Amino acid sequence: MGLLDILLGRTKPVAPDLDQLFALPSAAITLQAAAGFTPAGSGAVCFATVEGAAFERAHREVRELLDADAERSGPVELTRDDYGYSWISSRRSPDQLPELVNDLHAVNSSLEAGGFGPQLLCSLAAFERADQDDDRRLALVYLYKRGTFYPLCTRPGHQRRDNALELQVASALEGDLRIEKDTSRWFPLWDAPGMTG
């Protein structure tokens, strides 16, 4: 970064730091105490859809890596959303958040190593409340290109967010996670895997 960049207000992009994902299990403890949300057992990695043999090979390797885990309690799935983005999702039992985080890290790392780092957008881990009358879903979303997290709270089927709860959760987790300060980057991920109940 040169003097001209400084004078023109340009900033150096933050390098992705996938190890930030490993802070999620401790943040989950804080989240449960602060807002009553517990792990839902699902998580996903979102990336710009890529076609071709190289990506198919990378996807196959990721799937084989995750499927090799004999303790897995749920499937690994590749889906495409209505906006044309692809998701690799993993399901675990709710008490296996560390293993779920390992899955998310492995998917990101494998795609990055395969040359698909520029296509990676975000990863999320889903949380829910035990109260059956509360249909809100919460995700802690990791922005790959920013190296930061933000909370996303949605009501399935309604495309509405609970912004007050998102701000409360962000404030509570500042000591656990690197929270994205620019709230305009807190994108709604309607119908993301794990957010639909």
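Attention here is on the structure that accompanies the text. In this text, all values refer to a predicted model and were calculated from it rather than measured experimentally.

### Concerning the packing of helix α3 (residues 53-67) against helix α4 (residues 97-116)
- It is the contact of α3 with α4, at a shortest axis distance of 10 Å, that shows an interaxial angle of 155°. In terms of orientation, α3 lies roughly antiparallel with respect to α4. Regarding α3 and α4, the two cross each other, and that crossing is right-handed. In contact with A54, F55, A58, V62, L65 and L66 of α3, α4 contributes D103, A106, V107, S110, L111 and F116.

### A closer look at the packing of aromatic side chains
- For the structure on display, the rule yields 2 aromatic pairs.
- When the centroid spacing of 5.1 Å and the interplanar angle of 55° are considered together, the rings of Y142 and F149 count as tilted. Each member of the pair Y142 and F149 is classed as buried.
- Note on Y150 and W186: the rings are 6.1 Å apart at their centroids and 15° apart in plane angle, and the pair reads as stacked. Here W186 lies in the segment after α5 (163-173) and Y150 lies in strand β6 (residues 148-155), a separation of 36 residues in the sequence. Residue Y150 shares its accessibility class with W186, and that shared class is buried.

### Digging into the pattern of salt bridges
- Scanning the entire structure with this criterion turns up 10 salt bridges.
- The closest approach of N and O atoms between E180 and R146, which form a salt bridge, is 2.8 Å. On the criterion of sequence distance, the pair formed by E180 in the segment after α5 and R146 in the loop between β5 (137-143) and β6 is long-range, its members being 34 residues apart.
- Overall, E180 belongs to the buried group, its relative accessible area being 3%.
- In the salt-bridge network here, residues are joined through shared partners; they are R129, D134, R136 and D162.

About the thresholds
- Residues numbered from 1 in each chain as written.
- Predicted model: local features only at pLDDT ≥ 70, side-chain atom pairs only at ≥ 80, totals over all residues.
- Heavy atoms only, no water.
- Axes fitted to C-alpha atoms, helices over the stretch in contact; angles between N-to-C directions.
- Helix = DSSP H or I, 4+ residues; strand = E, 2+ residues; numbered from the N terminus.
- Parallel < 35°, antiparallel > 145°, perpendicular 65-115°, else oblique.
- Left-handed = near helix turned anticlockwise from the far one by under 90°.
- Contact = heavy atoms within 4.5 Å.
- Phe/Tyr/Trp six-rings, centres within 6.5 Å; stacked < 30°, edge-to-face > 60°.
- Buried < 20%, exposed > 50% of the residue type's maximum accessible area, 1.4 Å probe, protein only.
- Salt bridge = Lys/Arg side-chain N within 4 Å of Asp/Glu carboxyl O.

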